[in-house]
Amino acid sequence: MSRWRALLLVVTLLVGAGAEGWAHLQWPEDEVRAIRAHGPWPPPAPVDPSNRVSGDPAAIALGERLFNDARLSGAGTMSCASCHQAERNWSDGRARARGRAGLDRRTPSLWNVGQGHWFGWDGAADSLWAQSLRPIIDPLEMAGSTGHVAALLRGDPTLGCFYRRAFGTAPGSDDEALLVDAAKALAAFQETLVSPRTAFDDFRDALVAGDLAAAARYPAAAQRGLKIFMGAGNCNACHFGPRFTNGEFGDVGIPFFVRPGEVDSGRLGGLAKLMASPFNRLGPYSDDKSGASALRTRHVQRLHANFGEFRVPGLRQLGDTGPYMHNGHLATLQDVVRHYSKVSPDRLHSDGVPLVRPLGLSADDQADLVAFLRSLAADPPPRPPPLTECGAG
Amino acid sequence: MRRALAALLVATSASGWPLPAAADCPLDLGRGTGWVMFSERAIVAFRPEPLRIEVGQPFSLLLNVCTRRNDPAELVAVDAQMPDHRHGMNYRPTIVPAGQGRFRADGLVFHMPGRWELDIDVRAGSEVERLSHEIIVK
């Protein structure tokens, strides 16, 4: 595209910037294209071919019940919702989760989790159902057992009724298959956790539609922050797409020592767990007999560079519910932005142009970047009340 | 992506290579949204499937490989890297021969926007040669 054309297509926004007066921000065509890639929102509902009850209303109802049911845990005291709390953006506000024992990683938010393809900070699971199964039987988390979950589905009339409606048969005699089915219902429920539209989405849609008056309603500080995000910050190299994550892994210089002399190897260990798991997409429990949805699992490679890499988190609905990062190392969004501004280049061994480097942002720039990150969150609409009666159907 | 589409021909070393008659080497995959690369020993025509490469989305390549002296053409490897950042893909493509110089490479993912270099290793006779092509994804 010629320079001349680029100039003609420059979009100039006259922005009311409150006490600062009016600010002019220009959005050339290539920037509009980059912004466009962060939508549309909400995305189409996910369908997971490896989960035959993905999207099924009865499975969603069963999954929501199970999610809140402490009887899944060994001691009967802990449910998924103990750590993934709806009012805390489906996380728990702790730097590191606390199950039966203390864990080394933070409880991630479950917003938009149905759109992912690797799950957990290390991507040790390749499906939402495989990820949902793990905490139930992990002795450090809920410390339940396969037989115990199967007995619950078989013995509880309401759970059994929802199970029949979702899976078309009464709970069978194979305990492990029942555990997987419970996890698939949990996954169907979590697929419905979609974060709300935000001020950023209105801006993005207005800019793409060429509606400059509507676009100008997006606060000037957020617009300036977005410029840094896509420009000097290069944040969208990793925080790409509608969810602001490419779904892959990176190292942004967060310490990975868990105790003196012990490290969290992140993605490197995650891939080993993935390949060893009988519940991955290549195993017998995937409902996708074509194998097409196992493409990433078949082709993923384990690289030395995976050591100390963690999943790129999505940036929607972060709100102010820190702490942040895989181990809660940073308490606030200001701390996160300061980290990217001052991160030590020595810690980030890179032979090429580094993806993460100390940005040296001014205090104003940092405030703008925080304003932009905040604009990716909004008040979620109230959830519809869960189905309590199974009934006929 | 537009810039990549415009770059129809990239030659790693094009010296002295007479283009074969179309009948000798089918270039159909290189037409339109595809690409053709050639070197002293080999000519490779290919296109992605789906046609538009999206950041983070798996894609395949359909390739046609010919050699200059009509040695049997073999596609040895397909890989890609971001030369600016010195990292490759997180996925290892597999190659399925489809006969008569045609191949299919599955499991490629460009997980970041920016400049990628596609490296295609072709065996022509006893020599293996790398042909490289630049693709910009946005």
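Residues numbered from 1 in each chain as written. Chains lettered and ligands numbered in written order. Predicted model: local features only at pLDDT ≥ 70, side-chain atom pairs only at ≥ 80, totals over all residues. Heavy atoms only, no water.

### Some words on the overall build of chain B
So, step 1. A count of helical and extended segments in chain B gives one helix and ten strands.
So, step 2. Counted from the first residue to the last, chain B has its helices and strands arranged as α-β-β-β-β-β-β-β-β-β-β.
So, step 3. The proportion of buried residues among the 138 residues of chain B is 47%.
So, step 4. When contacts within chain B are restricted to residue pairs at least 6 apart in sequence, those whose partners lie at least 24 apart make up 59%.
So, step 5. Summing over all exposed atoms, chain B offers an accessible surface of approximately 6400 Å²; the carbon and sulfur share of this is 50%. (Helix = DSSP H or I, 4+ residues; strand = E, 2+ residues; numbered from the N terminus. Buried < 20%, exposed > 50% of the residue type's maximum accessible area, 1.4 Å probe, protein only. Contact = heavy atoms within 4.5 Å. Areas by Shrake-Rupley, 256 points an atom, 1.4 Å probe, with all protein chains shown as cover.)

### So, helix α14 (residues 333-342) of chain A
So, step 1. Inspection of α14(A) places A:Leu333, A:Val336, A:Val337, A:His339 and A:Ser341 among the buried residues, and these make up the whole buried set.
So, step 2. Those residues of α14(A) that are buried are in contact with α15 (363-374) of chain A.

### A word on the packing of aromatic side chains
All names here are of chain A.
So, step 1. Throughout the structure, instances matching the rule amount to 18 aromatic pairs over all chains.
So, step 2. Taking 5.6 Å as the distance between ring centres and 65 degrees as the angle between the ring planes, the aromatic pair formed by Trp27 and Phe203 counts as edge-to-face. In this pair, Trp27 sits in strand β2 (residues 22-27) while Phe203 sits in helix α9 (residues 199-209), placing the two residues 176 residues apart along the sequence. Neither residue differs from the other here; Trp27 and Phe203 are each classed as buried.
So, step 3. Considering the side-chain rings of Trp90 and Trp111, the 6.2 Å spacing of their centres and the 85 degrees angle between planes classify their relative orientation as edge-to-face. Placement of Trp90 in the loop between α4 (80-83) and α5 (128-137) and of Trp111 in the loop between α4 and α5 is noted, with a sequence separation of 21 residues between them. (Phe/Tyr/Trp six-rings, centres within 6.5 Å; stacked < 30°, edge-to-face > 60°.)

### Some details on a nonpolar patch on the surface
So, step 1. Together, A:Phe257, A:Val263 and A:Phe307 line one region of the surface with nonpolar side chains, adding up to about 260 Å² of accessible area.
So, step 2. By the secondary structure assignment, A:Phe307 is in the loop between α13 (295-299) and β6 (310-311). (Patch = residues over 30% accessible without salt bridge, like charges linked within 9 Å, V, L, I, M, F, W, Y side chains within 5 Å. Salt bridge = Lys/Arg side-chain N within 4 Å of Asp/Glu carboxyl O.)

### Considerations on the confidence of the model for chain B
Parts of the prediction with low pLDDT should not have their coordinates interpreted in detail.
Residue and element names in this part refer to chain B.
So, step 1. When pLDDT is averaged along chain B, the result is 83, and 83% of the positions lie at 70 or above.
So, step 2. Averaged pLDDT values over the elements of chain B bottom out at 34 in helix α1 (residues 2-6) and peak at 97 in strand β8 (residues 102-108).
So, step 3. Low pLDDT, under 50, characterises residues 1-23; the stretch is placed with 49 contacts to residues that sit more than four places away or in other chains.
So, step 4. Of the two predicted TM-score estimates for the complex, the pTM is 0.92 and the ipTM is 0.90. (pLDDT = per-residue confidence, 0-100.)

### Structural notes on the side chain of A:Asn89
Residue and element names in this part refer to chain A.
So, step 1. Of note, Asn89 is situated in the loop between α4 and α5.
So, step 2. Side-chain polar atoms of Asn89 contact the backbone oxygen of Gln317, separated by 3.2 Å.
So, step 3. Not counting residues within four places of it along the chain, the set of residues in contact with Asn89 comprises Ser109, Leu110, Trp111, Gln317, Leu318 and Thr321. (Polar contact = N/O pair within 3.5 Å; in protein donor to acceptor, adjacent residues only side chain to side chain.)

### Notes on the pattern of salt bridges
Opposite charge on two side chains permits them to pair, given that their charged atoms come into close proximity.
So, step 1. According to the stated counting rule, one finds 35 salt bridges over all chains in the structure shown.
So, step 2. A salt bridge links A:Lys227 to A:Glu31; the shortest N-O distance between them is 2.6 Å. One end of the pair, A:Lys227, is in helix α11 (residues 220-230); the other, A:Glu31, is in helix α2 (residues 29-36), with 196 residues separating them in the sequence.
So, step 3. Among the ionic pairs, B:Arg130 bridges to B:Asp119, the shortest N-O distance being 3.6 Å. One end of the pair, B:Arg130, is in strand β10 (residues 127-137); the other, B:Asp119, is in strand β9 (residues 114-124), and eleven residues separate them in sequence.
So, step 4. B:Arg130 gets classed as partly exposed once you look at its relative accessible area, which sits at 44%.
So, step 5. One network of salt bridges, in which partners are shared, links A:Arg52, A:Asp181, A:Lys184 and A:Asp287.

### What to know about the pairing of strand β4 (residues 59-67) of chain B
Residues and elements named next belong to chain B.
So, step 1. Most of β4 sits out of view: nine of its nine residues are buried.
So, step 2. In terms of strand pairing, strand β3 (residues 42-49) meets β4 through eight bridges, oriented antiparallel. Along β4, the bridge assignment pairs Ile43 with Cys66.
So, step 3. Across five bridges, the pairing between β4 and β8 is antiparallel. When the bridges of β8 are listed, Leu61 appears paired with Ala105. (Pairing = 2+ DSSP bridges.)

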